Amino acid sequence: MAPQPGHRAVVRVPVATLWTDPDAVRPIDEPALRDSPDVAAWTAGMDHDQQVGDCVLTQLLLDEPVLVTATGPDGWVRVVALGQPAAKLDPRGYPGWMRAAHLAAPADTGPPAPALALVVDVRRATLHEAADGPPALSGVVLGTHLASAGRPVDGWRPVRAPGPAAPLWAPEGDLVPVPAERPEAKEVLAVAERLRDLRYIWGGLSTDGIDCSGLVHLAWRRYGVTLPRDADDQAEATTPLALDDERPGDLYFFARPGRRIHHVGIVSAEPHGGRRRMLHACYLTRRVVEEELPAARVATLVGAHRV
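Residues numbered from 1 in each chain as written. Predicted model: local features only at pLDDT ≥ 70, side-chain atom pairs only at ≥ 80, totals over all residues. Heavy atoms only, no water.

(A) The arrangement of the overall build of the protein chain in detail. Along the protein chain, the regular secondary structure elements total six helices and 22 strands. The proportion of buried residues among the 307 residues of the protein chain is 51%. If you sum the accessible surface of the protein chain, you get close to 13800 Å²; carbon and sulfur atoms cover 52% of it. Separation between the mean location of the 32 positive side-chain charges and that of the 39 negative ones in the protein chain comes to 2 Å. (Helix = DSSP H or I, 4+ residues; strand = E, 2+ residues; numbered from the N terminus. Buried < 20%, exposed > 50% of the residue type's maximum accessible area, 1.4 Å probe, protein only. Areas by Shrake-Rupley, 256 points an atom, 1.4 Å probe, with all protein chains shown as cover. Lys, Arg positive; Asp, Glu negative; His and termini not counted. Charge placed at Lys NZ, Arg CZ, Asp CG, Glu CD.)

Pasting the structure below:
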């Protein structure tokens, strides 16, 4: 039964996509719309122009909560992504349309205790039906938060996943506890650096494809810190610095004269002689790259901020 307006639900697939409108999807998007989406095949099949189609708003990860706000035709629902702040769009979270088949009813056990909160720490993990058993759910991506379902057994960790009553199992090394302490910025930078050369996808928020603000959001999510989803909101949620006071792990923001912020990157080195470097998901190269800011970027640099 499709989730109803006013009810909460959770994502039951490794990566679900949030769209501007059901009518906006393209033929190339078919793999992402399946009941069991193949996001890797979807992003791999895109050409240079399709990577920046603005029909995609953001993506949601396994067990991420949403509030259903409306139902649409052909199995679509309008939701608010509660874990992705977007103050200018909706004070509750990021709004958009998604497939109802990608949602499940939330567990009625309440949120996990902090000591039992785990996060995926590899690019992709597979959850299995039993310890060393057959795969049950593949493509669970870095930054996905899961609740522990007990102690490890022979190198395998049981976790709760939406849908099945019994725990699923992941290799113990693929999961780490969500830190209780706030991370240092350089630790977050180290997570983002593991995504170098990842494909740029407008609205992407996974290790199958990501955009500039998605890279920042996901790297901090790995440490249990929730930042807004879009670059302009990220700027408002962080602390401005005087240029040349930035350090690795801080953020650079970019805007054209008279326009709102449109790009964000992660400071990757201390500034030196007016030269600056950053790691970012680059719209131009369609990849996550680490580079010195070229002249065109310097011309639109409007500030450095600290989380």
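Once the structure has been displayed, the description carries forward.
(B) Quick look at helix H3 (residues 185-193). Within the span of H3, buried status applies to Val188, Leu189, Val191 and Ala192. Each buried residue of H3 lies within a common arc of 155° when the element is viewed along its axis, so the set occupies one face. On its buried face, H3 sits against helix H4 (212-221), strand S19 (263-267) and strand S20 (277-282). (Arc of directions from axis to C-beta. Contact = heavy atoms within 4.5 Å.)

(C) Focus on the pattern of salt bridges. Scanning the entire structure with this criterion turns up 19 salt bridges. Taken together, the shared-partner salt bridges in this structure form one network comprising Lys88, Asp232, Asp233, Glu236 and Arg260. (Salt bridge = Lys/Arg side-chain N within 4 Å of Asp/Glu carboxyl O.)

(D) Seen up close, the layout of surface pockets. By volume, the second largest pocket amounts to about 840 Å³. In this structure, the second largest pocket is lined by 30 residues; those nearest its centre are Trp202, Arg260, Ile261, His262 and His263. Broken down by secondary-structure element, the contributors of at least two residues to the lining of the second largest pocket are strand S3 (56-61), H4, helix H5 (231-236) and helix H6 (295-300). Here the lining of the second largest pocket is built from residues that sort into 14 nonpolar, five polar and 11 charged. (1 Å grid on protein atoms, 1.4 Å probe; cavity = no way out; pocket = protein on both sides within 12 Å on 5 of 7 lines; lining within 4 Å. Points joined across faces, edges and corners; volume = space filled by probe spheres on them. Nonpolar A, V, L, I, M, F, W, Y, C, P; charged D, E, K, R; others polar.)

(E) Local environment of the pairing of strand S2 (residues 15-19). Where burial is concerned, most of S2 is hidden: five out of the five residues are buried. A two-sided burial pattern is seen for S2, the buried positions comprising Val15, Thr17 and Trp19 on one face and Ala16 and Leu18 on the other. As paired strands, S2 and S3 are joined by five bridges and run antiparallel to one another. Looking across to S3, one finds that Ala16 is bridged to Leu60. (Pairing = 2+ DSSP bridges.)

(F) View of the pairing of strand S1 (residues 8-11). Sheet analysis places S1 next to strand S4 (residues 65-71), joined by three bridges and oriented antiparallel. Following the sheet pairing, Arg8 is matched in S4 by Leu67. By the bridge criterion, two bridges tie S1 to strand S7 (residues 103-104) in an arrangement that is antiparallel. Opposite Val10, over in S7, you have Ala104 as the bridge partner.

Any functional reading would require information that these geometric values do not contain.
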